[in-house]
Amino acid sequence: MNELSPELEREVREYVRQGKKLHAVKVYKEHMACSLLEAKNAVEEIDRGETTEQPESAVVRSQSGCAGMLVLVAATFGVVTGAITLLLA
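So, a few notes on the structure that sits alongside this text. (Residues numbered from 1 in each chain as written. Predicted model: local features only at pLDDT ≥ 70, side-chain atom pairs only at ≥ 80, totals over all residues. Heavy atoms only, no water.)

Another point: the nonpolar core. If you look at the biggest cluster of nonpolar residues, it comprises 15 residues, and the most contacted ones within it are Leu-4, Leu-8, Val-12, Ala-24, Tyr-28, Met-32 and Val-43. Taken together, the elements giving at least two residues each to this core come down to α1 (6-17), α2 (21-32) and α3 (36-47). Residue contacts for Val-12: discarding those within four places in its chain leaves Ala-24, Tyr-28, Val-43 and Ile-46. (Core = buried A, V, L, I, M, F, W, Y, C linked by side-chain atoms within 4.5 Å. Buried < 20%, exposed > 50% of the residue type's maximum accessible area, 1.4 Å probe, protein only. Helix = DSSP H or I, 4+ residues; strand = E, 2+ residues; numbered from the N terminus. Contact = heavy atoms within 4.5 Å.)

Spelled out as structure tokens, the structure:
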């Protein structure tokens, strides 16, 4: 995993200051070998003055989170449906 160097952070800040945010994202993505979404989020954090490291894949977290939520909703629906059936019987 790459670490954010002070030089890269200064370069990204300068591009953002110049209104070249897309270029800042591209430079960050290339140097840090991360996804476009991760680079965008990191550049926004740098712009806000927050420190950042190369994040874990947001795409993987998002996909597993959605699947987990669907399972939770389906299970809850099944339990509620079963309870209603028992009460009405």
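Bringing the packing of α1 against α3 into the picture now. Relative orientation of the contacting elements α1 and α3 amounts to 85°, with a least axis distance of 10 Å. Comparing their axes, α3 and α1 come out roughly perpendicular. Across the interface between the two elements, Glu-9, Val-12, Arg-13 and Val-16 of α1 pack against Val-43, Ile-46 and Asp-47 of α3. (Axes fitted to C-alpha atoms, helices over the stretch in contact; angles between N-to-C directions. Parallel < 35°, antiparallel > 145°, perpendicular 65-115°, else oblique.)

Taken by themselves, the reported measurements are silent on function.
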